[in-house]
Amino acid sequence: ETKQKYNEALDYYSHSLKLSGEINKPINRAYYFQKIGTIYSALGNHKKALEYGRISIDSFAKLKNDEGLAYCLNGQGKLYIDAGNYEEAIKQCSQALKVMARLKGTPTKKLEADFYLTLGGAYFQFAKHSYGKIAANYLHLAASGFEKAVAIDKAIDFRESADFALKNLSEVYEALGEHAKALQVYKEYVVNKDSITNSEKLKEYTRHELAFEYSRQRDSLNYTGKLQKQEMAEIKALAESKLKQRSLYAVVAIVILLLIASYFFFRSRVQQLRFRSELAQEKAQ
């Protein structure tokens, strides 16, 4: 089922890629290449994933779009981590940070934190596949990456990112044998996670409260609407009743007028016949 959903996502992104070409949106195309690469990586096709990632990087480089370029370089680093090529992952992430240095502003800080998180992850994975001093050296580099990510996340209050960074940093300290640091960072991780959970609960409560208020207002409006419909129906029924009553009065009036007219007509007719009869008798006499 998951594979099917990834294939569906791939179809949608491929269609979007085609459309963005038809309407001449090169930046969109560049992002879609990167997204398609991510899906191929999730499907286990690392070769295609890296091919699409490289196309995305080249596209942003041609467009001279540093933010997109840095984002895709970091994404390529993640793809290399998934493919198990940690050395190349480190190169891509380091290049992403160099490009990021050309950008300014708080919005890019989130990206920078993510880049250090990816770089730390690449060194951490490299350390797991190394031995002795080399492994220890990579662990220290991983710790440095995670520490920088945590520092940026704290500075901009990006708790969701800090959650991953703190957890990984605690694991790195544990691997280095620095148990006191590992425990301290893990405590920070727990506190941060609880704050995220509480924040999510507050958001959920707010959503429920808003939904309830909306439902109440909707019900109130529905009730008002029903009352208005009922009032309109009553007014309409009353109007129809009055119309029927007036129509009945009109019919009765017409019938009465017809009866009166008939009475006078027949009375006149009788008088005419009587007059003719009397006139005939007089003539006969």
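What counts, and at which threshold
- Residues numbered from 1 in each chain as written.
- Predicted model: local features only at pLDDT ≥ 70, side-chain atom pairs only at ≥ 80, totals over all residues.
- Heavy atoms only, no water.
- Core = buried A, V, L, I, M, F, W, Y, C linked by side-chain atoms within 4.5 Å.
- Buried < 20%, exposed > 50% of the residue type's maximum accessible area, 1.4 Å probe, protein only.
- Helix = DSSP H or I, 4+ residues; strand = E, 2+ residues; numbered from the N terminus.
- Contact = heavy atoms within 4.5 Å.
- Phe/Tyr/Trp six-rings, centres within 6.5 Å; stacked < 30°, edge-to-face > 60°.
- pLDDT = per-residue confidence, 0-100.
- Expected span 1.5 Å × (residues − 1).
- Arc of directions from axis to C-beta.
- Salt bridge = Lys/Arg side-chain N within 4 Å of Asp/Glu carboxyl O.
- 1 Å grid on protein atoms, 1.4 Å probe; cavity = no way out; pocket = protein on both sides within 12 Å on 5 of 7 lines; lining within 4 Å.
- Points joined across faces, edges and corners; volume = space filled by probe spheres on them.
- Nonpolar A, V, L, I, M, F, W, Y, C, P; charged D, E, K, R; others polar.
- Lys, Arg positive; Asp, Glu negative; His and termini not counted.
- Axes fitted to C-alpha atoms, helices over the stretch in contact; angles between N-to-C directions.
- Parallel < 35°, antiparallel > 145°, perpendicular 65-115°, else oblique.
- Left-handed = near helix turned anticlockwise from the far one by under 90°.

**Q** Go over the nonpolar core with me, naming the residues and quoting the values.
**A** Core analysis: the biggest nonpolar cluster contains 54 residues, and Phe115, Phe146, Leu169 and Val172 have the highest contact counts within it. When residues of this core are assigned to their parent elements, the largest contribution, 11 residues, is made by helix α6 (residues 107–128). Ignoring any residue separated from it by four or fewer positions in sequence, one finds Phe115 in contact with Ala70, Tyr71, Asn74, Ala96, Leu97 and Met100.

**Q** Before we move on, can you summarise the packing of aromatic side chains with the specific residues and values?
**A** On inspection of all chains with the given rule, the structure shows 10 aromatic pairs. Seen in terms of ring centroids, Tyr186 and Tyr189 are 5.4 Å apart; in terms of plane orientation they differ by 45°. Their pairing is tilted. Residue Tyr186 and its partner Tyr189 are both found in helix α9 (residues 179–284); the two are separated by three residues, about one turn of the helix. Among the residues examined, Tyr186 registers a relative accessible area of 42% and is labelled partly exposed.

**Q** How would you sum up the confidence of the model for the chain? Please name residues and give values.
**A** Atom-level detail of predicted coordinates should not be read off regions where pLDDT is low. Put simply, the chain has an average pLDDT of 83, and 88% of its residues get 70 or more. At the level of individual helices and strands, the chain shows its lowest average pLDDT in α9, which scores 73, and its highest in helix α3 (residues 46–63), which scores 93.

**Q** Lay out the environment of Ala127 with the relevant residues and their values.
**A** By the secondary structure assignment, Ala127 is in helix α6. Linking Ala127 and Leu141, residues 14 residues apart in sequence, is a C-alpha distance of 9.4 Å. Those residues in contact with Ala127 that sit more than four places away from it in its chain are Ala135, Tyr138 and Leu139.

**Q** Which residues make up the environment of Tyr40, and what values go with them?
**A** Within the secondary structure, Tyr40 is located in helix α2 (residues 26–42). Taking the C-alpha atoms as reference, Tyr40 lies 9.9 Å from Glu51; in sequence the two are 11 residues apart. Excluding residues that lie within four positions of it along the chain, Tyr40 makes contacts with Leu10, Asn45, Lys48, Ala49 and Tyr52.

**Q** Help me get a handle on α2, residues and values and all.
**A** In this model, α2 (17 residues) spans 25 Å end to end at C-alpha, consistent with the 24 Å of a helix rising 1.5 Å per residue. Among all positions of α2, only Ala30, Phe33, Gln34, Ile36, Gly37, Ile39, Tyr40 and Ser41 are buried. Its buried side turned inward, α2 meets α1 (2–22), α3 and α4 (66–83). Positioned one or two residues after α2, Gly44 has a phi angle of 90°, which is positive.

**Q** Describe α1, with residues and values.
**A** For α1, spanning 21 residues, the distance from its first C-alpha to its last is 30 Å, which sits close to the expected 30 Å at 1.5 Å a residue. Within α1, the full set of buried residues consists of Leu10, Leu17 and Ser20. Buried residues of α1, seen end-on, are gathered within an arc of 95° and therefore sit on one face of the element. In α1, the exposed residues that point more than 90 degrees away from the buried face are Lys5, Asp11, Tyr12, Lys18 and Glu22. The first or second residue beyond α1 is Asn24, which carries a positive phi of 60°.

**Q** I'd like a rundown of the side chain of Ser41, residues and numbers included.
**A** Looking at the secondary structure, you find Ser41 in helix α2. Among residues more than four places away in sequence, those in contact with Ser41 are His46, Ala49, Leu79 and Asp82.

**Q** Account for the pattern of salt bridges, with residues named and values stated.
**A** Evaluated as defined, the whole model comprises nine salt bridges. Its salt-bridge partner being Asp58, residue Arg54 comes within 4.0 Å of it at the nearest N-O pair. Note that Arg54 and Asp58 are positioned in helix α3 at a spacing of four residues, about one turn of the helix. Looking at Asp58, the relative accessible area reads 36%, which means it is partly exposed.

**Q** Go over the layout of surface pockets, please, and point to the residues and values.
**A** The calculated volume of the largest pocket comes to roughly 170 Å³. As for the largest pocket, its lining consists of Lys78, Ile81, Asp82, Leu117, Thr118, Gly121, Phe124, Gln125, Phe146 and Asn168. For the lining of the largest pocket, the secondary-structure elements that each account for two or more residues are α4 and α6. Here the element with the most residues in the lining of the largest pocket is α6; it accounts for five residues. Looking at the lining of the largest pocket residue by residue, the class counts come to four nonpolar, four polar and two charged.

**Q** Any chance you could break down the side chain of Asp153 for me, citing the residues and the numbers?
**A** The topology assignment puts Asp153 in helix α7 (residues 132–155). Buried Asp153, no salt bridge; nearest opposite-charge side chain is Lys110, N-O distance 8.8 Å. The contacts of Asp153, once residues within four sequence positions are left out, are Ala113, Phe158, Ser161, Ala162 and Ala165.

**Q** Provide a residue-level description of the packing of α4 against helix α5 (residues 86–100), including the pertinent values.
**A** Here α4 crosses α5 at 165°, and the two axes come no closer than 8 Å. Considering their axes alone, α4 and α5 lie roughly antiparallel with respect to each other. Judged by the twist between their axes, the crossing of α4 over α5 is left-handed. Contacts between α4 and α5 involve Asp66, Leu69, Ala70, Leu73, Asn74, Gln76, Gly77, Tyr80 and Ile81 from the former and Tyr86, Glu88, Ala89, Gln92, Cys93, Gln95, Ala96, Val99 and Met100 from the latter. Across the contact of α4 with α5, the residue classes break down as 11 nonpolar, five polar and two charged.

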